[in-house]
Amino acid sequence: MALKDITLGQYFPGDSPVHRLDPRTKLLITILYIVALFLAKGPAAYLVLIAVLGAYIAVSRVRLKALFKGLRPILILIIFTALLNLFYTSGQVLWQWGFLKITVEGLWSALFMVLRIVLLICCTFLLTYTTSPIMLTDGLENLLGPLKKLKLPIHELAMMMSIALRFIPTLIEETDKIMSAQRARGADFDTGNLVQRAKALIPILIPLFISAFRRADELAVSMECRCYHGGEGRTHLRQLRYRAADWMFLCMGLVLCVGVWLLRRLAL
């Protein structure tokens, strides 16, 4: 797996209906989809969730290749989770060898767990793929605005999240450059046991941390030079407004949650 396969935090500019949605709408839709995902139980509910996500991807015009590319880094986690559910779920035994056994319930559990992880990651990736970090910060700050009455630093929290998402691709690119430079000097990161591979990462981590701290210091200096003092008295270039499309998507999200809950009650 190449580091360039990690697409978390990247934004793909576009002019699709999803790109034009209010960032608050996209945040709420993502939350509603995750709630529906954890309410889902049974094939019918998962088929509905897959169909809804497929339609959302089609409307957003995000390439499936980009989504599948983002799934590669967690492929081992998905396989490991599937195997745990496959071999350690009790029920009607289909095959057994020693302490390992495959049950009918284990097959369904592994399938549903894999689907849940994949759908969860795809819906969160769509949020960052179709929303710029600045708009995401503004939307999150606006949604959490009522918590300011409790003296919580909402603007600072939203800004930190935005900066973290913004610098994930930068740090990945920096890591790739450092690894290429170390390989040119004869470093080997692919052979040896686990301890040897961990030791081989030290020449990467040290310059990476130095570079990250340097970037953080430069960012702090640049923000101070621009007289940044937090959210107090701050104006926005783009004012957030709900439109008809936003209300339509929010209603669809609520209908999805209610529909999945009903399917769960009917045990379909």
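Data block above holds the structure.
Bear in mind the structure is a predicted one, so any value in this text is a computation, not a measurement. (Residues numbered from 1 in each chain as written. Predicted model: local features only at pLDDT ≥ 70, side-chain atom pairs only at ≥ 80, totals over all residues. Heavy atoms only, no water.)

Novice: Lay out helix α10 (residues 244-265) with the relevant residues and their values.
Specialist: Helix length check: α10 (22 residues) gives 32 Å between terminal C-alpha atoms against 32 Å at 1.5 Å per residue, within 8%. Every buried residue of α10 is listed here: Asp246, Phe249, Leu250, Gly253, Leu256, Cys257, Val260 and Leu263. Buried residues of α10 fall within an arc of 150° about the axis and therefore sit on the same side. Away from its buried face by more than 90 degrees, α10 exposes Ala244, Val255 and Arg265. Against the buried residues of α10 lie α1 (23-39) and α2 (43-60). (Helix = DSSP H or I, 4+ residues; strand = E, 2+ residues; numbered from the N terminus. Expected span 1.5 Å × (residues − 1). Buried < 20%, exposed > 50% of the residue type's maximum accessible area, 1.4 Å probe, protein only. Arc of directions from axis to C-beta. Contact = heavy atoms within 4.5 Å.)

Novice: Can you lay out the nonpolar core for me, pointing to particular residues and giving the numbers?
Specialist: In this structure, Tyr33, Leu49, Leu53, Leu67, Leu119, Leu126 and Val260 are the most contacted members of the largest nonpolar core, which totals 34 residues. Broken down by secondary-structure element, the contributors of at least two residues to this core are α1, α2, α3 (64-71), α5 (104-130) and α10. Ranked by the residues each element gives to this core, the list is headed by α5, at nine residues. In this structure, Leu53 is in contact with Tyr33, Leu119, Cys122, Cys123 and Leu126, ignoring residues within four places of it in sequence. Core analysis: the next-biggest nonpolar cluster, separate from the first, contains six residues, Leu27, Leu127, Leu136 and Ala158 among them. (Core = buried A, V, L, I, M, F, W, Y, C linked by side-chain atoms within 4.5 Å.)

Novice: Lay out the side chain of Arg116 with the relevant residues and their values.
Specialist: In this structure, Arg116 sits in helix α5. For the buried Arg116, no salt bridge exists, and the shortest N-O distance to an oppositely charged side chain is 17 Å, to Glu105. At a separation of 3.4 Å, a polar atom in the side chain of Arg116 contacts the main-chain carbonyl oxygen of Ala40. Side-chain polar atoms of Arg116 contact the side chain of Tyr46, separated by 3.0 Å. (Lys, Arg positive; Asp, Glu negative; His and termini not counted. Salt bridge = Lys/Arg side-chain N within 4 Å of Asp/Glu carboxyl O. Polar contact = N/O pair within 3.5 Å; in protein donor to acceptor, adjacent residues only side chain to side chain.)

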